[in-house]
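# Residue-level structural notes
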Amino acid sequence: MGTRRSEKPVVVRKIVRWVRSRTIKEKVILGGISGIILFIFLMFFVENYYHFFLPSRAAHAVGLLILLFKLHVSKTCAGLSVKSQELTAIYLAARLACTVIFQRDIHIFLDFVTLGATLWVIYMMRVKLKSTYLKELDNMPLHYVLVPCAIAAILAHPKGHFSLIIRFLWPFSMAVEAISVLPQLRLIQNAKVILPFRHFIY
């Protein structure tokens, strides 16, 4: 029994070492395969996905609060896309417009906290830390994201007894949320650098 316990960390270290020795392309492929396996596992073994929403929204809110702390301490927003933050604010506002009407739970509170933190991040980047914002690299026009999302929401809006605006806003918020990271990825591509996680939390 003691032998098994001592062997386990060695196996984990070997796996980590093997993954680190792979090329970027191989790591991307491994990540994709892992994501597909996880998706299949969730599809077949998890019946109620509702319980995943609360931890994910709580993690998002906490992550933004940590980002705010980082901005206040470091006094720089270099490497961060304000357009991704603006897209985050847009989808959160759209989602809140839908849910605040018929829900009164912890999800609404977390979305309000996240929206407030996101707006504060945008303010910090646009006003307080404007001199450190890499505007020329954060050059993806927002309509490249918003227009396709609006078209998708019009085509795929769910049926139901809710108003037409609600039935549009809900799929629109989900579509924008799914691709709100694109401006951040574009900025990273333009900068030709990826900052380590410990250096800048996003």
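Residues numbered from 1 in each chain as written. Predicted model: local features only at pLDDT ≥ 70, side-chain atom pairs only at ≥ 80, totals over all residues. Heavy atoms only, no water.

## Brief notes about the overall build of the chain
The cut-off we apply is this: Numbered from the N terminus, helices here are DSSP runs of H or I no shorter than four residues, and strands are runs of E no shorter than two. Note on classification: 1.4 Å probe, protein chains only; a residue is buried when its accessible area is under 20% of the maximum for its type, exposed when over 50%, partly exposed between these limits. Note on areas: Shrake-Rupley, 1.4 Å probe, and residue coverage restricted to the protein chains presented here.
A count of helices and strands for the chain gives 8 helices and 0 strands. Traced from its N-terminal end to its C-terminal end, the chain shows the element sequence α-α-α-α-α-α-α-α. Buried residues in the chain amount to 28% of all 202 residues. Only carbon and sulfur atoms are counted for the fraction: they give 71% of the accessible area of the chain, which is about 13,600 Å².

## Considerations on helix α6 (residues 143-156)
To be explicit about the condition: Helix span, as expected, comes to 1.5 Å for every residue beyond the first. Think of the arc as the fan of directions from the helix axis to the C-beta atoms.
With 14 residues, α6 should reach 20 Å at 1.5 Å per residue; the first-to-last C-alpha distance of 19 Å fits that figure. All buried positions along α6 are accounted for by V145, C149, A150 and A153. The buried residues of α6 occupy one face: seen down the axis, they fall within an arc of 120°. Opposite the buried face of α6, at more than 90 degrees from it, the exposed residues are Y144, I154 and L155.

## Considerations on the nonpolar core
Note the cut-off: Here the nonpolar core consists of buried residues drawn from Ala, Val, Leu, Ile, Met, Phe, Trp, Tyr and Cys, with membership extended through side-chain atoms lying within 4.5 Å. The contact definition used throughout considers only heavy atoms, calling two residues in contact when any of these lie within 4.5 Å.
Residues L71, V121, M125 and F172 are the most contacted members of the largest nonpolar core, which totals 32 residues. Contributions of two or more residues to this core are made by α3 (50-74), α4 (82-102), α5 (106-128), α6 and α7 (164-179). Once you skip the residues sitting within four places of it in the chain, V121 turns out to touch L64, L67, L68, L71, L80 and Q85.

## Focus on the confidence of the model for the chain
Short version of the rule: One confidence number per residue, pLDDT, is output by the predictor and ranges from 0 to 100.
Here the chain shows a mean pLDDT of 82. Residues at 70 or above account for 84%. The low-confidence segment residues 1-7, where pLDDT is below 50, has 0 contacts with residues more than four positions distant or belonging to other chains. Of the regions scoring below 50 in pLDDT, residues 194-202 engages in 19 contacts with residues more than four places distant in sequence or in other chains.

## Some thoughts on unusual backbone geometry
In this model, K75 sits at a positive phi of 60°, which is unusual for a non-glycine residue. Looking at the secondary structure, you find K75 in the loop between α3 and α4. Among the residues examined, K75 registers a relative accessible area of 55% and is labelled exposed.

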